[in-house]
Amino acid sequence: MTAILRELEVPPRPRHTLRTVLIVSAIAAFTIATCLPAIGGIELDLAAIAKHWRNGVTKLVQLAQPNFAFVPRTLAPLLETLQMALVGAAAAALCSIPLTLWAAAPTNPNRVTRGVVRTLNNVNRAVPDLVFATVLVAMVGVGALPGVITLFLFNIGIVVKLVSEAIDAADHRYMEAGRAAGGTQFQINRATALPQAWPLFANQWLYALELNVRVSAILGIVGAGGIGRLLDERRGFYAYSDVSVIILEILVVVIAIEVLSNLLRRRLV
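Residues numbered from 1 in each chain as written. Predicted model: local features only at pLDDT ≥ 70, side-chain atom pairs only at ≥ 80, totals over all residues. Heavy atoms only, no water.

1. Comments concerning the packing of helix H4 (residues 71-103) against helix H5 (residues 111-126)
This is how it is decided: Angular values range over 0 to 180 degrees, each being the angle between N-to-C directions of two axes fitted as lines to C-alpha atoms, with helices fitted over their stretch in contact. Numbered from the N terminus, helices here are DSSP runs of H or I no shorter than four residues, and strands are runs of E no shorter than two. Between 65 and 115 degrees an angle is taken as roughly perpendicular, under 35 as roughly parallel, over 145 as roughly antiparallel, and anywhere else as oblique. Residues count as neighbours in contact if any of their non-hydrogen atoms are within 4.5 Å of one another. Here the nonpolar group is Ala, Val, Leu, Ile, Met, Phe, Trp, Tyr, Cys and Pro; Asp, Glu, Lys and Arg are the charged ones; every other residue, Gly included, is treated as polar.
Where H4 contacts H5, the axes come no closer than 8 Å and their chain directions differ by 120°. Judged by the inter-axis angle, H4 sits oblique to H5. Along the contact surface, H4 presents Leu99, Trp102 and Ala103, while H5 presents Arg114, Val117 and Arg118. Counted by class, the contact of H4 with H5 contains four nonpolar, no polar and two charged residues.

2. Some details on helix H3 (residues 46-63)
Which entries qualify depends on this criterion: Working rule for helices: expected span equals 1.5 Å times residues minus one. We define the bend at any residue as the angle between the axes fitted to the seven residues before and including it, ending there, and the seven starting there.
A rise of 1.5 Å per residue sets the reference length of H3, with its 18 residues, at 26 Å; its end C-alpha atoms lie 25 Å apart and thus fit the reference within 8%. Along H3, the largest kink reaches about 50° and is centred on His52.

3. Thoughts on the pattern of salt bridges
Put simply, the rule is: Salt bridges are defined as contacts in which a side-chain nitrogen from Lys or Arg sits within 4 Å of a carboxyl oxygen from Asp or Glu.
Scanning the entire structure with this criterion turns up six salt bridges. The salt bridge partner of Glu165 is Lys161, with a shortest N-O separation of 2.5 Å. Taken as a pair, Glu165 and Lys161 lie in helix H7 (residues 144-169) at a separation of four residues, close to a single helical turn. Residue Asp232 is joined to Arg235 by a salt bridge in which the shortest nitrogen-to-oxygen separation is 2.6 Å. Here Asp232 and its partner Arg235 are both found in helix H10 (residues 227-236), three residues apart, which amounts to about one turn of the helix.

4. What about the environment of Ala224?
Inspection of the secondary structure assignment puts Ala224 in the loop between helix H9 (185-219) and H10. It is 9.6 Å that separates the C-alpha atoms of Ala224 and Ile149, two residues lying 75 residues apart in sequence. Every residue in contact with Ala224, bar those within four places of it in the chain, is listed here: Met84, Ala133, Val137, Gly143, Ala144, Pro146, Gly147 and Leu219.

5. Topic: the packing of aromatic side chains
Rules: Geometry of aromatic contacts follows a simple scheme: Phe, Tyr and Trp rings, the Trp one being its six-membered ring, pair when their centres are within 6.5 Å, and the pair is stacked under 30 degrees between planes, edge-to-face over 60, tilted otherwise. Only protein chains enter the area calculation, which uses a 1.4 Å probe; residues under 20% of their type maximum are buried, those over 50% are exposed, and those in between are partly exposed.
Applying the stated criterion across every chain yields a total of four aromatic pairs. On the numbers, 6.5 Å between centres and 50° between planes, the contact of Tyr238 with Tyr240 is tilted. On the basis of relative accessibility, which here comes to 61%, the residue Tyr238 falls in the exposed class. An aromatic cluster of three or more residues is present, and its members are Trp198, Phe201 and Trp205.

Okay, here's the thing in structure tokens:
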């Protein structure tokens, strides 16, 4: 009985070391310092906020009065936004599989090719979406095509980064068994790595689809198609009641996609 009680004893809570305290203190000090303009921090002008707060309240009051008679005009751009989001996510899903396997160390032992893929993906993620969209609009013209290409690049950066890191951190004893059996890297990836990575891919593909609806609404500001073009137009005319309707529609679509994604995750993962 005494032996059983010893096994059930809760271990003592670890004490905070001096190193941990110093790290936390340094982070807190840096956070506070970013709010001090005297040392190059963020300029926080409370007097200006107090003076102009009515401007923001006026906009919020206008947004709280949506013009639902404007809904019919938003249906076609909203459908275009959904098409852009779906096509961009589907194209990225297909291309992300080989790129992810080339970017992960367990599935690509070659340091040179792995470094090239990771570097290109980091460059892709470093370029803002609006920059991609602006350049593509200048290259291929205004419309949905530059938006689809931008979403494709955006999704590739997310999926390859997150899934490859998850593969790097996973247990790969099954891959070692495949090498011991004399399998090639392609055979090992197809027979062992991919079946283990499908749930990771599914999660990130669905997450990318959710993001695409919101991102495509922003891309329309630079002419990359979708409901963002209409949103920017109505904002330019200060028609905030119409803007409110567009925001509500985007909210409904995002929630619907999230619910659908959760249902699919339960079946796929």
